[in-house]
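Spelled out, the chains give:
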Protein chains: 2
Amino acid sequence: MSGNQKEICLEDLKLRILRMDLEPGAMLDEASLASHYGLSRTPLREILQRLAGAGFISTRENRGAKVASMDVATMRVFFQTAPMVYANISRLAAENHSSRQLGDLQTAQLEFAKSTERGDAPAAALANHRFHAIIGEMAHNPYLVAALNRLLIDHTRLSQTFYRPADPHEEQLVVRASEQHDALISAIEAREGALATDLTLQHWDLSRDRIERFVRPDPLPVDVISMKEHRGAV
Amino acid sequence: MSGNQKEICLEDLKLRILRMDLEPGAMLDEASLASHYGLSRTPLREILQRLAGAGFISTRENRGAKVASMDVATMRVFFQTAPMVYANISRLAAENHSSRQLGDLQTAQLEFAKSTERGDAPAAALANHRFHAIIGEMAHNPYLVAALNRLLIDHTRLSQTFYRPADPHEEQLVVRASEQHDALISAIEAREGALATDLTLQHWDLSRDRIERFVRPDPLPVDVISMKEHRGAV
DNA sequence: TGTATACATTTTGTATACAAATTCAGACGC
DNA sequence: GCGTCTGAATTTGTATACAAAATGTATACA
């Protein structure tokens, strides 16, 4: 029972970081985390080292651990890097996957679809994360997967930062994303690397557009502004 | 003094793995490592977690740690992935580096040149590793650097596996590699991303050819083979 | 009011002791 | 001979106590 308590703690911390229940840059207190998960500080500190190695947190000597931050510079690099890595991973997944992994992928996509249908955005974000992480596993490329998993951490967090449940347009985009997932599964299953690459780039464009629309929304109507200006001048 | 003993241990273990002083797949004994570095097992185990996170070793629950293995499947993936990552890292380094880092790069290259001149292959391999790791830092891209550093671990180990100091052709190749390093430094300094990409791919071709020549050596003279066949048939 | 310094508190890092798991070796039956 | 069962020996994992470092706070002084 307590044998996998460490694993539970590790996975739960990953989840809390991805959900931004633990915010980017937040300090982590060893003592409280240890007691929360029913561990002593020794195994908890080992977990922190592993989380740091996977890019979830950063640690500084004598200065404690904090959740990986997400500043503007990081975002810029993220947008620059993601499409290349995603596309290559998908191509490799199509070429190298084993059929057993395909079932896991379909399960993850089912979970994504269900989460979106019931409007559970955090669950959808996590299912989406899992979907793309599985594609990473299917690529059988430990080098690129290291890059992918770090990208996915920030992607999942970004998606949730820039999510507006009220926006009706948003729902449309999610439906399209789900359709793209299905198409990508088919391409991987058929081992069509080129198609998988293409679909992944389309999927990326959709995701990027959604975030871009948030950062740069439709400008306010000009005449309203001029009216206000006019009144101010009186 | 004992404050950075942990750091010393971490760096030394990395070096020993890169030099294959600790062979791929070798089991690591916590107790002996701890006593060797004058640490207790607690901090040593934290170091092992960090090494695992960086891809130097792999750990299994209750089963100890072992140096990352290098099987044929891994090598295939390595050759498939390296050029893309290297090329992109070099381009980003040219675009994003700070001038302070350029000095470190030149220092590393000087160390590489000196090591090759005195025929110190292990030192040259490590200096070469450091040279390319610094280019990784200059790229300011934490995602791709994660992939790069894993590639470099295997690249450095592969290079030493497939090294024949006796071969006179080998020396020529090393001289060319050193020249390519110099050219790459200039391209990065001039912030010429396209040129840096190009030079890096040439550098990669050289490295790959050297290893390939080892794996698939010049075929034996045809007549010798046929003679042997003939004799066997008698 | 602002700064510096000494001291108390909190947090991080390490060593040691002990618990749990795995491995090894010899005995036993087939 | 070959597999496998059992218990010792080894190795890994965890908790606790203590040491070291950083942080916070109050006081003295300019």
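Residues numbered from 1 in each chain as written. Chains lettered and ligands numbered in written order. Predicted model: local features only at pLDDT ≥ 70, side-chain atom pairs only at ≥ 80, totals over all residues. Heavy atoms only, no water.

## Describing the nonpolar core
- Core analysis: the largest hydrophobic core is formed by 71 residues, its most contacted members being A:Ile188 and B:Ile188.
- Looking at this core, the element that brings in the most residues is helix 4 (residues 72-96) of chain B, giving ten residues.
- Dropping the residues within four chain positions of it, A:Ile188 is found in contact with A:Ala93, A:Ala94, A:His97, A:Leu102, A:Leu105, A:Ile135, A:Met138 and A:Ala196. (Core = buried A, V, L, I, M, F, W, Y, C linked by side-chain atoms within 4.5 Å. Buried < 20%, exposed > 50% of the residue type's maximum accessible area, 1.4 Å probe, protein only. Helix = DSSP H or I, 4+ residues; strand = E, 2+ residues; numbered from the N terminus. Contact = heavy atoms within 4.5 Å.)

## A few points about the side chain of A:Gln160
Residue and element names in this part refer to chain A.
- Assignment of secondary structure puts Gln 160 in helix 7 (residues 142-161).
- Within the local environment of Gln 160, its side chain forms a polar contact with the backbone oxygen of Leu 18, the two atoms lying 2.6 Å apart.
- Those residues in contact with Gln 160 that sit more than four places away from it in its chain are Leu 18, Arg 19, Met 20, Pro 122 and Ala 125. (Polar contact = N/O pair within 3.5 Å; in protein donor to acceptor, adjacent residues only side chain to side chain.)

## Some points on the packing of aromatic side chains
- By the definition in use, this model includes twelve aromatic pairs over all chains.
- An angle of 70 degrees between the planes, with centres 6.2 Å apart, marks the rings of A:Tyr143 and B:Phe78 as edge-to-face. Of this pair, A:Tyr143 sits in helix 7 while B:Phe78 is found in helix 4, placing the two residues in two different chains. Like B:Phe78, A:Tyr143 is buried.
- Each member of the aromatic cluster is reached from another via a ring pair, and the members are A:Phe78, A:Phe79, A:Tyr86, A:Trp204 and B:Tyr143. (Phe/Tyr/Trp six-rings, centres within 6.5 Å; stacked < 30°, edge-to-face > 60°.)

## A few points about the pairing of strand 2 (residues 57-60) of chain A
Residue and element names in this part refer to chain A.
- Here four bridges tie strand 2 to strand 3 (residues 64-67), and the two strands are oriented antiparallel to one another. Residue Ile 57 lies in a different strand from strand 3, and its bridge partner there is Val 67.
- Remark: three residues form the turn of the hairpin made by strand 2 and strand 3, two consecutive strands paired antiparallel; Asn 62 in that turn has positive phi of roughly 60 degrees. (Pairing = 2+ DSSP bridges.)

## Looking at the relation of the copies chain A and chain B
- With an axial shift of 0.0 Å and an RMSD of 0.2 Å, the rotation relating chain A to chain B amounts to 180 degrees. Classification of the inter-copy transformation places it as that of a two-fold axis. Of every C-alpha in chain A, the one belonging to A:Gly53 sits nearest the axis of rotation, 2.1 Å from it.
- Both copies share a contact surface, since 100% of the interface residues of chain A are interface residues in chain B too. (Least-squares fit on C-alpha atoms with pLDDT ≥ 70 in both.)

## Examining the domain arrangement of chain A
Residue and element names in this part refer to chain A.
- Domain assignment breaks chain A into domain 1 (2-67) and domain 2 (72-215).
- A straight line from the C-alpha centre of domain 1 to that of domain 2 covers 25 Å.
- Each side of the interface is counted separately: domain 1 has eleven residues, and domain 2 has eight residues.
- Summing both sides of the interface, domain 1 and domain 2 together bury roughly 860 Å²; the carbon and sulfur share of this comes to 67%.
- Its largest share of buried area at the contact with domain 2, domain 1 owes to Leu 18, Arg 19 and Met 20, together 57% of the area lost on that side.
- One can count zero salt bridges joining domain 1 with domain 2.
- One can count two residue pairs in polar contact (both at pLDDT 80 or more) joining domain 1 with domain 2.
- The leading source of residues in the side of domain 1 that touches domain 2 is helix 1 (residues 5-18), at three residues.
- Within the side of domain 1 that touches domain 2, the residues separate by chemical class into eight nonpolar, two polar and one charged. (Domains from an automatic or database assignment. Buried area = accessible area lost by both parts, 1.4 Å probe. Salt bridge = Lys/Arg side-chain N within 4 Å of Asp/Glu carboxyl O. Nonpolar A, V, L, I, M, F, W, Y, C, P; charged D, E, K, R; others polar.)

## Observations concerning the interface of chain A and chain B
- Counting from both sides, the interface comprises 29 residues of chain A and, opposite them, 29 residues of chain B.
- Note on chain A versus chain B: buried area summed over both sides is about 2,400 Å², and carbon and sulfur give 57% of it.
- Three residues, A:Glu46, A:Gln49 and A:Tyr143, lead the burial of chain A against chain B; their summed loss comes to 30% of the area buried on that side.
- Seen at the junction of chain A and chain B, the total is two salt bridges.
- With a shortest N-O distance of 2.8 Å, A:Glu46 and B:Arg45 are connected by a salt bridge.
- Applying the counting criterion to the chain A and chain B interface returns six residue pairs in polar contact (both at pLDDT 80 or more).
- Secondary structure elements with two or more residues in the side of chain A that touches chain B: helix 3 (41-53), helix 4 (72-96) and helix 7 of chain A.

## Overview of the protein's contact with DNA strand C
- Close contacts around DNA strand C come from 15 residues, with A:Arg41, A:Arg45, A:Asn62, B:Lys6 and B:Ser40 the closest.
- Counting only atoms of DNA strand C within 4 Å of the protein, the fraction found in sugar and phosphate groups is 67%.
- A distance of 2.7 Å is found between a base nitrogen of DNA strand C and a side-chain nitrogen or oxygen belonging to A:Arg41.
- Between DNA strand C and B:Asn62 there is a distance of 3.5 Å, counted from a sugar or linking oxygen to a side-chain nitrogen or oxygen.
- Here the residues of the surface near DNA strand C are counted per class, giving three nonpolar, five polar and seven charged. (Near = heavy atom within 4 Å.)

## Focus: the sheet that holds strand 2 (residues 57-60) of chain B
- On the basis of which strands lie adjacent, the open sheet formed by three strands has the order 1-3-2 (chain B) and antiparallel pairing. Unpaired on one side and paired on the other, strand 1 (27-28) and strand 2 of chain B mark the two borders of the sheet.

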